[in-house]
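# Structural description and commentary
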Amino acid sequence: VCSADGLTQLLIREELMLFLHSLLCGGFLLAVYDGIRIFRLFVPHKTVAEGAEDLFYWVFDALFIFHMLYRENSGAVRGYAIVGVLLGMLAYHRAFSPPVMWLGMKLAHGFRKIMEIVKNTLKKIVKPFTIMVYNFKGEAGRRDGKEKD
């Protein structure tokens, strides 16, 4: 037989776990958005593409939060769960987002430098072949009896 105190403690523990999961959920969702922001540093986008990404992100957020509430609390929306998500986002934004974005910017900058070196190297490798093809076309035109203008 369960006592009233035992049942109350069980309910409080479940509510506390929901709040903690909400905090983690909020932090996770903002970490995903930081991933999108870092991706944008590597692959520049136009405003329309960024808007579409943001739309998909917010739909994903809504579904993720709904799934968490459904799994943890039978789909019942609790105000403290929403506050937990927001506080988790705020905590992540204050504690983890700045170093994550700093690292992302450094990696993107290094990636761009490497890509520039690769591009310049490929240009140097391809340039002699381009000149040879251009000269070959010029010679072929003269062999056909056509004079270049």
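Before reading further, recall that the structure is shown in the block above.
Residues numbered from 1 in each chain as written. Predicted model: local features only at pLDDT ≥ 70, side-chain atom pairs only at ≥ 80, totals over all residues. Heavy atoms only, no water.

With 27 residues, helix α2 (residues 47-73) should cover 39 Å at 1.5 Å per step; its first-to-last C-alpha distance of 38 Å lies within 8% of that length. Every buried residue of α2 is accounted for by Glu53, Tyr57, Asp61, Ile65, Met68, Leu69 and Asn73. Positive phi shows up at Ser74, right after α2, with a value of about 55°. (Helix = DSSP H or I, 4+ residues; strand = E, 2+ residues; numbered from the N terminus. Expected span 1.5 Å × (residues − 1). Buried < 20%, exposed > 50% of the residue type's maximum accessible area, 1.4 Å probe, protein only.)

With that settled, consider the side chain of Glu53. You can see Glu53 is positioned in helix α2. Each residue touching Glu53, except ones within four places of it in the same chain, is listed here: Ile36, Phe39, Arg40 and His45. (Contact = heavy atoms within 4.5 Å.)

Once that is clear, we can look at the nonpolar core. Cys25, Leu29, Leu30, Tyr57, Ile65, Met68 and Leu69 are the most contacted members of the largest nonpolar core, which has 14 residues in total. Within the residue set of this core, elements represented by two or more residues are α1 (4-42), α2 and α3 (79-95). Not counting the four nearest positions on each side in its chain, Leu69 is found in contact with Leu18, Ser74, Gly75, Ala76, Val77 and Ala81. (Core = buried A, V, L, I, M, F, W, Y, C linked by side-chain atoms within 4.5 Å.)

Their axes nearest at 7 Å, the elements α1 and α3 cross at an angle of 45°. The orientation of α1 with respect to α3, classified from their angle, is oblique. Here α1 runs over α3; the crossing is right-handed. For the pair α1 and α3, contact is made by Glu15, Leu18, Phe19, Ser22, Leu23, Cys25, Gly26, Gly27, Leu29, Leu30, Ala31 and Asp34 and by Tyr80, Ala81, Gly84, Val85, Leu87, Gly88, Met89, Tyr92 and His93, respectively. Taken together, the residues of the contact of α1 with α3 sort by class into 13 nonpolar, six polar and two charged. (Axes fitted to C-alpha atoms, helices over the stretch in contact; angles between N-to-C directions. Parallel < 35°, antiparallel > 145°, perpendicular 65-115°, else oblique. Left-handed = near helix turned anticlockwise from the far one by under 90°. Nonpolar A, V, L, I, M, F, W, Y, C, P; charged D, E, K, R; others polar.)

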